[in-house]
Every structure is written in structure tokens, then in C-alpha cells.
Amino acid sequence: MASHSDKDEPVSDELNESADGDEPSGSAYREPPEPPEPGVATALGVTRYVHAAFFAAGVLLAYLSGKALLLIWNNVAEWSYAARLVPQLLSYGDSERESRTLGAGAVIGLLVIAQIYRKEGIRSWAQEVANELAKVTWPNRETVSNGTIVVIVASAVATIYVTLLDRFWSFLTTLVYKV
């Protein structure tokens, strides 16, 4: 059963407008396709960079603390008093020492970064930094290439200028002092 408005008003594809009155809704106008569902990377936004930075800091801290522990272990093992006091220091070879200190360094790195990440102030600061960096307009490849060429040419010109001045002053010094 048709309503009153369906009978009285003619329907034209060209004249029929959408609800907001901007575009015709006929065959000439098609709505843009729906954007794809956001994946994990786009859903996290700049937070993924914050997490990546904490992860990288944890890996670096694990590596450095592992190397520091290995250095300490090797130095203490060479000390005769400590070797007599704790003979287990000498019971491991160099590769075993390195693997054990790297494991201990990984535990240290994980614990320290977890404690740092739990602090709301540090995490919010890192998030703010990532948000500000997301606003930066980074130069394109052509701009960077042109800037690099300008720096190289300016450096070459400055090098030639300073070299010529050095030769000139060397020549004048030789004339004046007759060395």
C-alpha cells in the first residue's frame, strides 16, 4: 500500500537530493566506500611508537646491564682473594659467563622497564612526545636531497677557501721570516 506522498510527487533520479541537500542521490552520485576496519597498527595510533620506544629501551638496558655484569664478573674472577672466597666464579667458561650475564641483564632490563612503564607521569610524557612528533611535517625526499647537496657544496667551497687562505698565509710567513 502506497502512501500519499508516493502518489503525488514524481520521483526523478536527477532532481532527488540526499537528506542533507548537498548531492543528488541518483545514479550519478555514489557514496564513497566505507573505510576498512582499522587494524591493530592504526587503532593504536602513536601509542605503538611509545610501546616500541619502551621495548627498545628495555633491549638496550638488558644488553648494557648484561655487558656490565660480565665485566664485573671477569674482574672479580681475576681477583685472587675473591676467587678463593667464591670458587664458583672460576667454574664457568667465558661463553657460559656471557650467556648467564646476558640472561641476568635481560631480567634486569625487563624489571626496570616494567617499573618505569608503570609510572603514569613517564608514560603520559612519552605519549605527549609521540603526539607532538606525529604533528611534525617531515620533509620529502626531494627536499632532503636538495638540502644535502647544498651542504656538500657549501662545505667544499669553505674547504677550498680555508685551504687557499692557509697557503697564502704560509707563503707570507715564509717571505717575512725567511725560514
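Here the structure is shown first, and the text comes after it.
Keep in mind it's a predicted model, so treat the numbers as computed, not measured. (Residues numbered from 1 in each chain as written. Predicted model: local features only at pLDDT ≥ 70, side-chain atom pairs only at ≥ 80, totals over all residues. Heavy atoms only, no water.)

**Q** What is the right way to read the packing of aromatic side chains from this model?
**A** The relative placement of two aromatic rings is captured by the distance of their centres and the angle of their planes. Enumeration over the complete set of coordinates arrives at two aromatic pairs. Here the aromatic rings of phenylalanine 54 and tyrosine 117 are separated by 5.0 Å at their centres, their planes lie at 90 degrees, and the arrangement is edge-to-face. Linking phenylalanine 54 in helix 3 (residues 47-78) with tyrosine 117 in helix 5 (residues 94-118), this pair joins segments that are 63 residues apart in sequence. Phenylalanine 54 sits in the buried class, given a relative accessible area of 13%. Measuring from ring centre to ring centre gives 5.6 Å for phenylalanine 168 and tryptophan 169, while their planes differ by 65 degrees; the resulting arrangement is edge-to-face. (Phe/Tyr/Trp six-rings, centres within 6.5 Å; stacked < 30°, edge-to-face > 60°. Helix = DSSP H or I, 4+ residues; strand = E, 2+ residues; numbered from the N terminus. Buried < 20%, exposed > 50% of the residue type's maximum accessible area, 1.4 Å probe, protein only.)

**Q** Where do I start with helix 7 (residues 141-177) in this structure?
**A** Since the α-helix packs 3.6 residues into each turn, any two residues three or four apart lie on the same face. Given a rise of 1.5 Å per residue, 37 residues ought to cover 54 Å, and the 53 Å separating the end C-alpha atoms of helix 7 matches this to within 8%. Immediately beyond the C-terminal end of helix 7, within one or two residues, lies lysine 178, with a positive phi of roughly 50 degrees. (Expected span 1.5 Å × (residues − 1).)

**Q** What exactly am I supposed to notice about the pattern of salt bridges here?
**A** A side chain with one charge may pair with a side chain of the opposite charge, provided their charged atoms come close. For the structure shown, the criterion picks out three salt bridges. Residues lysine 67 and glutamate 98 are paired through a salt bridge, measuring 3.1 Å at the closest nitrogen-oxygen approach. With a gap of 31 residues between them, lysine 67 in helix 3 and glutamate 98 in helix 5 connect regions that are remote in the sequence. Overall, the relative accessible area of 32% leaves lysine 67 in the partly exposed class. Judged by its relative accessible area of 38%, glutamate 98 is partly exposed. (Salt bridge = Lys/Arg side-chain N within 4 Å of Asp/Glu carboxyl O.)

**Q** Just to check I follow, could you spell out the nonpolar core for this structure?
**A** Looking at soluble globular proteins, one finds that nonpolar side chains tend to be buried together. In this structure, Val46, Val50, Phe54, Ile113, Ala126 and Ala130 together form the largest nonpolar core, which totals six residues. For this core, the secondary structure elements donating two or more residues are helix 3 and helix 6 (120-135). Those residues in contact with alanine 130 that sit more than four places away from it in its chain are Val46 and Val50. (Core = buried A, V, L, I, M, F, W, Y, C linked by side-chain atoms within 4.5 Å. Contact = heavy atoms within 4.5 Å.)

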